[in-house]
Amino acid sequence: MNSRPTPFDELDRKIITALMANSRTSFAEIGAAIGLSATAVKRRVDRLRETGVITGFTATVEPSALGWRTEAYVEVYCEGAAPPRRLAEVVRGYPEIAAAMTVTGGADALLHVRARDVEHFEEVLERIRTEPFIRKTISVMVLSHLIPESPEAGASQPAPPRAPDVR
C-alpha cells in the first residue's frame, strides 16, 4: 500500500459506494449505473485495490445465525501505560472480540465482544480481567441495533465451539 493518499475522482466514489452497498454487484451493473463500461469499472477497482483504497470484500452475516446471541462493548482500563501493540496481542487471542480499538477518555481501549449467551460473555470477561495489566473493565450490553444495516450489526466470524462443561 502507498504511504501517500491516492487521488480518486467522483466515478471512483460511485464505484466504492456501489461495492459497499453490495460487493457482489457486477462491474457491468456498476458501469451501467455510472456511465462506464464493465472493463473501465474493473480497471478502476483493480487500481483502488492496488493502492489500498479497497482492502477486501466480505459478506455480512446475521450474528445469531452463527451462534452469537449476546453482544457488549467493554471499556478496558490498564495499569500504567499499556502499549497498543501489547493490547493488540492480547485481544487477538479472543475469537469473541469482534473489534478492538484504543480510545481517548478514561478508558485505554474499547472492545466489541460477541458471545453465545450471557454466561459465555461473563466467562470471556473474566478471562480478559485476568490479563496482568488490566486494572478494571466496564461493560455495556447491546439490547438492539438502531441501524441494523451497519457493519457493527453484522458478524465476521463463526462462534467458537462450545467448551465442555467441567463443573
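Coordinates for the structure precede this section.
Residue positions are given per chain, counting from 1 as you read along its sequence in written order. For a predicted model such as this one, the threshold for reporting local features is a pLDDT of at least 70, and the threshold for listing and counting side-chain atom pairs is 80 or more; totals across whole chains, interfaces and linings nevertheless cover every residue. Heavy atoms from the whole structure form the basis of all side-chain values; hydrogens and water molecules are not counted.

J.: Can you walk me through empty space enclosed by the protein in this structure?
T.: Gaps left between atoms are located by rolling a probe of water-molecule size over the structure's atoms. Here a cavity means grid points, on a 1 Å grid over the protein atoms only, where a 1.4 Å probe fits yet cannot get out; a pocket means an open set of points with protein on both sides within 12 Å along at least five of seven lines; lining residues are those with an atom within 4 Å of a point. Grid points are joined across faces, edges and corners, and a volume is the space filled by probe spheres set on the points. Enumeration over the complete set of coordinates arrives at one cavity of 30 Å³ or more. By volume, the largest cavity amounts to about 60 Å³. Lining the largest cavity are Val76, Leu87, Val90, Val91, Tyr94, Ile97, Ala109, Leu111, Ile128 and Ile134. Secondary structure elements are defined from DSSP: runs of H or I of at least 4 residues count as helices, runs of E of at least 2 residues count as strands, and each element is numbered from the N terminus. Counting only elements with at least two residues in the lining of the largest cavity, the list comes to helix H4 (84-91) and strand E3 (109-115).

J.: Looking at this model, I keep getting lost on the packing of aromatic side chains. Mind explaining?
T.: Working definition: an aromatic ring pair is given by the centre-to-centre distance plus the angle between the planes. Here the aromatic set is Phe, Tyr and Trp, taking the six-membered ring for Trp, and pairing holds for ring centres within 6.5 Å; pairs whose planes are under 30 degrees apart are stacked, those over 60 apart are edge-to-face, and all others are tilted. Tallied over the full model, the rule gives zero aromatic pairs. Criterion for a charge above a ring: Lys NZ or Arg CZ within 6 Å of the ring centre, and within 35 degrees of the ring normal. Over the aromatic face of tyrosine 77 sits the side chain of lysine 136, whose NZ or CZ is 4.7 Å from the ring centroid.

J.: Looking at this structure, how should I read helix H5 (residues 118-129)?
T.: Three- or four-residue spacings in an α-helix give side chains the same orientation, since the helix completes a turn every 3.6 residues. With 12 residues, H5 ought to run about 16 Å at 1.5 Å a step, and its terminal C-alpha atoms sit 16 Å apart, in line with that. Among the residues of H5, those classed as buried are His120, Phe121, Val124, Leu125 and Ile128. The buried residues of H5 occupy an angular sector of 140° when projected down its axis, which confines them to one face. Contact criterion: two residues are considered in contact whenever any of their non-hydrogen atoms come within 4.5 Å of each other. Looking at the packing, one finds that the buried side of H5 touches strand E1 (70-78), strand E2 (97-102), E3 and strand E4 (134-141). In this structure aspartate 117 caps H5, since a side-chain oxygen of it lies 3.2 Å from the backbone nitrogen of glutamate 119. A helix is expected to span 1.5 Å multiplied by its residue count minus one. Exposure is judged per residue with a 1.4 Å probe applied to protein chains only, and the accessible area is read against the type maximum: over 50% gives exposed, under 20% gives buried, and values in between give partly exposed. Summarising the geometry, the arc corresponds to the directions from the helix axis toward the C-beta atoms. The definition of a polar contact used here is a pair of N or O atoms within 3.5 Å, where within protein one atom must be able to donate a hydrogen and the other to accept one, and adjacent residues in sequence count solely through side-chain atom pairs.

J.: Explanation requested: the sheet that holds E2 in the structure shown.
T.: Whether parallel or antiparallel, the strands of a sheet pair through hydrogen bonds between backbone atoms. Only strands that DSSP links by at least two bridges are regarded as paired with each other. Strands sit in the order E2-E3-E1-E4 across an open sheet of four strands; the sheet is antiparallel. Two strands lie at the open edges of the sheet, namely E2 and E4, each paired on one side alone. Strand-to-strand twist across the sheet, computed as the mean angle between neighbouring axes with direction ignored, equals 20°. Pairing analysis gives seven bridges linking E1 to E4, with the strands arranged antiparallel. Bridge pairing in E4 links valine 76 to threonine 137. Axis definition: a line fitted to C-alpha atoms, limited for helices to the stretch in contact. Angles are taken between N-to-C directions and run from 0 to 180 degrees. The sheet contacts of H4 involve E1, E2 and E3, and relative to E2 the element is tilted by about 175°. Across the sheet, H5 touches E1, E2, E3 and E4, and the angle it forms with E4 is around 160°.

J.: Just to check I follow, could you spell out the pairing of E2 for this structure?
T.: Residues in a regular strand project their side chains so that they alternate between the two faces of the sheet. Bridging between E2 and E3 involves five bridges; their strand directions are antiparallel. In the strand pairing of E3, alanine 99 is matched with histidine 112. The turn joining E2 and E3, which pair antiparallel and follow one another in sequence, is formed by six residues; a positive phi near 100° is taken by glycine 105.

J.: Sorry, what's going on with the layout of surface pockets here?
T.: Taken as a whole, the largest pocket encloses approximately 850 Å³ of empty space. For the largest pocket, the lining is made up of 27 residues, of which Met20, Thr58, Ala59, Thr60 and Pro151 are closest to its centre. Every element with two or more residues in the lining of the largest pocket is listed here: helix H1 (10-21), E2 and E3. The element contributing the most residues to the lining of the largest pocket is H1, with four residues. Each residue belonging to the lining of the largest pocket can be placed in one class, and the counts come to 14 nonpolar, 10 polar and three charged. Charged means Asp, Glu, Lys or Arg here, nonpolar means Ala, Val, Leu, Ile, Met, Phe, Trp, Tyr, Cys or Pro, and polar covers whatever is left, Gly included.

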